[in-house]
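Structure at a glance
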Amino acid sequence: MTSYAVDLLSDTLTRPSTGMRAAMAAAEVGDDVFGEDPTVARLEARVAELLGHGAGLFCPTGSLANQLGLRLHVAPGRELIADSMAHILRAELGAAASFSGITSRTWVSDRGRVTPEQALSMMVAGADIYHVPTALIALENTHNFGGGTILPLATIEAIRAGSQPHGVAMHLDGARLWNAGVAAGVELAAYGRLFDTVSVCLSKGLGAPIGSVLVGSAAAMREARVWRKRYGAGMRQVGILAAAGLYALDHNIARLAEDHARARRFADAVTEVAPVVDPAAVETNIVILELGGRPDTAADVVRGFADHGVRAYAIAPTRVRLVWHLDVDDAGTDLAIAAARAVFG
Ligand SMILES: *Cc1c(COP(=O)(O)O)cnc(C)c1O
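Each value, and the rule that gives it
- Residues numbered from 1 in each chain as written.
- Predicted model: local features only at pLDDT ≥ 70, side-chain atom pairs only at ≥ 80, totals over all residues.
- Heavy atoms only, no water.
- Salt bridge = Lys/Arg side-chain N within 4 Å of Asp/Glu carboxyl O.
- Helix = DSSP H or I, 4+ residues; strand = E, 2+ residues; numbered from the N terminus.
- Pairing = 2+ DSSP bridges.
- Axes fitted to C-alpha atoms, helices over the stretch in contact; angles between N-to-C directions.
- UniProt positions renumbered as here; feature names shortened; annotations may be inferred.
- Contact = heavy atoms within 4.5 Å.
- Buried < 20%, exposed > 50% of the residue type's maximum accessible area, 1.4 Å probe, protein only.
- Polar contact = N/O pair within 3.5 Å; in protein donor to acceptor, adjacent residues only side chain to side chain.
- Near = heavy atom within 4 Å.
- Areas by Shrake-Rupley, 256 points an atom, 1.4 Å probe, with all protein chains shown as cover.
- Nonpolar A, V, L, I, M, F, W, Y, C, P; charged D, E, K, R; others polar.
- Domains from an automatic or database assignment.
- Buried area = accessible area lost by both parts, 1.4 Å probe.
- Phe/Tyr/Trp six-rings, centres within 6.5 Å; stacked < 30°, edge-to-face > 60°.

Brief notes about the pattern of salt bridges
Close approach of charged atoms allows side chains with opposite charge to pair. A complete count under the given rule lists 17 salt bridges for this structure. For Asp-330, the salt bridge goes to Arg-265, with nearest N and O atoms at 3.8 Å. Here Asp-330, found in helix α14 (residues 330-344), pairs with Arg-265, found in helix α12 (residues 256-273); they are 65 residues apart in sequence, far enough to count as distant. A salt bridge links Glu-290 to Arg-319; its shortest N-O distance comes to 3.2 Å.

Observations regarding the sheet that holds strand β9 (residues 286-290)
Spatial ordering of the open sheet is given by β9-β12-β11, a layout of 3 strands whose pairing is antiparallel. Both outer strands of the open sheet, β9 and β11 (313-316), are each paired with one neighbouring strand and no more. Each strand axis lies, on average, 35 degrees off the axis of its neighbour in the sheet, ignoring direction.

Some words on the UniProt feature "modified residue: N6-(pyridoxal phosphate)lysine" (unreviewed entry) in the protein chain
When the UniProt feature table is mapped onto this chain numbering, "modified residue: N6-(pyridoxal phosphate)lysine" (unreviewed entry) sits at Lys-204. Tracing the backbone shows Lys-204 in the loop between β7 (197-201) and β8 (212-216). Apart from the residues lying within four places of it in its own chain, the contact partners of Lys-204 are Asp-11, Thr-12, Thr-14, Ala-175 and Arg-176.

Concerning the side chain of Thr-284
In this fold, Thr-284 is placed in the loop between α12 and β9. Residue Thr-284 is classed as buried on the basis of its relative accessible area, which comes to 0%. A polar contact of 2.7 Å, which involves the side chain of Thr-284, links it to the backbone oxygen of Gly-148. Not counting residues within four places of it along the chain, the set of residues in contact with Thr-284 comprises Thr-142, Gly-148, Ile-150, Asn-179, Ala-183, Asp-259, His-260 and Ala-263.

Looking at the side chain of Arg-228
With respect to the element layout, Arg-228 can be found in helix α10 (residues 218-230). A polar contact of 2.5 Å, which involves the side chain of Arg-228, links it to the backbone oxygen of Phe-58. For Arg-228, the residues in contact, after removing those within four places along its chain, are Asp-32, Glu-44, Leu-57, Phe-58, Cys-59, Leu-64, Leu-68, Ala-233, Gly-234 and Met-235.

Focus on the site of the ligand
With respect to spatial proximity, 13 residues lie near the ligand, and among them Gly-62, Ser-63, Asp-173, Arg-176 and Lys-204 are the closest. Ser-63 has a polar side-chain atom sitting 2.5 Å from an oxygen atom of the ligand. Here an oxygen atom of the ligand and a side-chain polar atom of Asn-144 are 2.9 Å apart. In isolation the ligand exposes 380 Å². Once the protein is present, 83% of that is buried. No other element matches helix α3 (residues 62-73), which puts 3 residues into the shell around the ligand. For the shell around the ligand, the residue count by class is 2 nonpolar, 6 polar and 5 charged.

Considerations on the UniProt feature "domain: Aromatic amino acid beta-eliminating lyase/threonine aldolase" (unreviewed entry) in the protein chain
According to UniProt, the positions carrying the feature "domain: Aromatic amino acid beta-eliminating lyase/threonine aldolase" (unreviewed entry) are residues 7-289. The span residues 7-289 shows a helical share of 42% and a strand share of 15%, and its end C-alpha atoms are spaced 16 Å apart.

Comments concerning the domain arrangement of the protein chain
Taken as a whole, the protein chain is organised into domain 1 (6-13 + 255-344) and domain 2 (18-251). Listed as interface residues are 16 residues of domain 1 and, on the opposing side, 22 residues of domain 2. For the domain 1 and domain 2 pair, buried surface summed over both sides reaches about 1600 Å², with 53% attributable to carbon and sulfur atoms. Of all residues in domain 1, the largest losses of buried area upon contact with domain 2 belong to Asp-11, Leu-256 and Glu-283, amounting jointly to 34% of the total for that side. For the interface between domain 1 and domain 2, the tally reads 2 salt bridges.

Points about unusual backbone geometry
Here the bond from Asn-141 into Thr-142 is cis, since omega is -5 degrees, no more than 30 degrees from zero. Along the chain, Thr-142 falls in the loop between β5 (134-140) and α7 (153-163). At Arg-111, a position not held by glycine, the phi torsion is positive, near 50 degrees. Within the element layout of this structure, Arg-111 appears in the loop between β4 (103-107) and α6 (116-122).

What about the packing of aromatic side chains?
Overall, the coordinates contain 5 aromatic pairs when judged by the stated rule. Where Phe-266 meets Phe-305, the ring centres are 6.5 Å apart and the plane angle is 45 degrees; that geometry is what we call tilted. With Phe-266 in helix α12 and Phe-305 in helix α13 (residues 298-307), this residue pair connects regions lying 39 residues apart in the sequence. Between the aromatic rings of Phe-305 and Phe-344, the centroid separation amounts to 6.4 Å while the plane-to-plane angle is 75 degrees, which identifies the pairing as edge-to-face. Here Phe-305 is found in helix α13, whereas its partner Phe-344 is found in helix α14, with 39 residues between them in sequence. Among the residues examined, Phe-305 registers a relative accessible area of 0% and is labelled buried. Under the relative-accessibility criterion, Phe-344 is labelled buried at 6%. Of the aromatic side chains, those joined through ring pairs into one cluster are Phe-266, Phe-305, Trp-324 and Phe-344.

In structure tokens form, the structure reads like this:
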């Protein structure tokens, strides 16, 4: 395995800190399938409250939390609508169709920022002899493949106002909702309350080794708990992992602003040597370099960065993604900037 001086592949790479490991070691645990793990219960209640919901469900992955959320709202043969670059559709291996019989239609947006008109005009409210009725609108905030973009609260409010009267539910893939809240200065519950279910990841910028939480009403989470067990993800003394999540909530949310500032500093520096990113578009911890129109392919650029000790990710033939996180400091950012100057200069 190549080792890199600076690893910007993903914010999933963060490793549990010494303090987090101590919290894990000290965790009080029980059998969570029987509802007897007090640390899991504390984490679920805390995340539900943070997001303005009645109950939470601890899940091993964000994909599972999302897929449980989707299936609660969409019966087989009905549809969800979402962004063409949504993680639930692009990066969860067709789970909504394979597990839940869900039909999906997508809109194409500017870096994941759908407009209310776009989302609402796609919605099919009410059944007829041909059309698949829309049961769910799924949004993502921040938007991963859109480049960490923030969906403004006003946009979500307008989509909610237009869909709720038709009985169309809303799910938020909030894997990086923490980043949106910190960058936009919006309370997490203000976003959370606009959705029927929300998933959040503890294992990305927050630095926990494993874990996501799905939140919704108490009734919805009871149903999701049954499906989680049916999928084989009923876990036992998992308070050890929930303790890492609680530690992450206590220590690692506000500091996300540092990741955002470093990502922006990198984007500013890259713009000086090549017009491959608009720094104003870098709102959180993700930078996407758009190489379209340049002779370089994403693979070439990733190789160039690697030659300078920096790992980046080719997310498409002409797009390279770099993600800032807990384990990348100012010196690492300087190295990434030097690498970019060498690659593009
Ligand atoms: C990482 C991520 C997830 C969850 O991924 P897992 O690897 O299943 O934990 C969900 N949505 C988005 C937008 C993500 O970036």
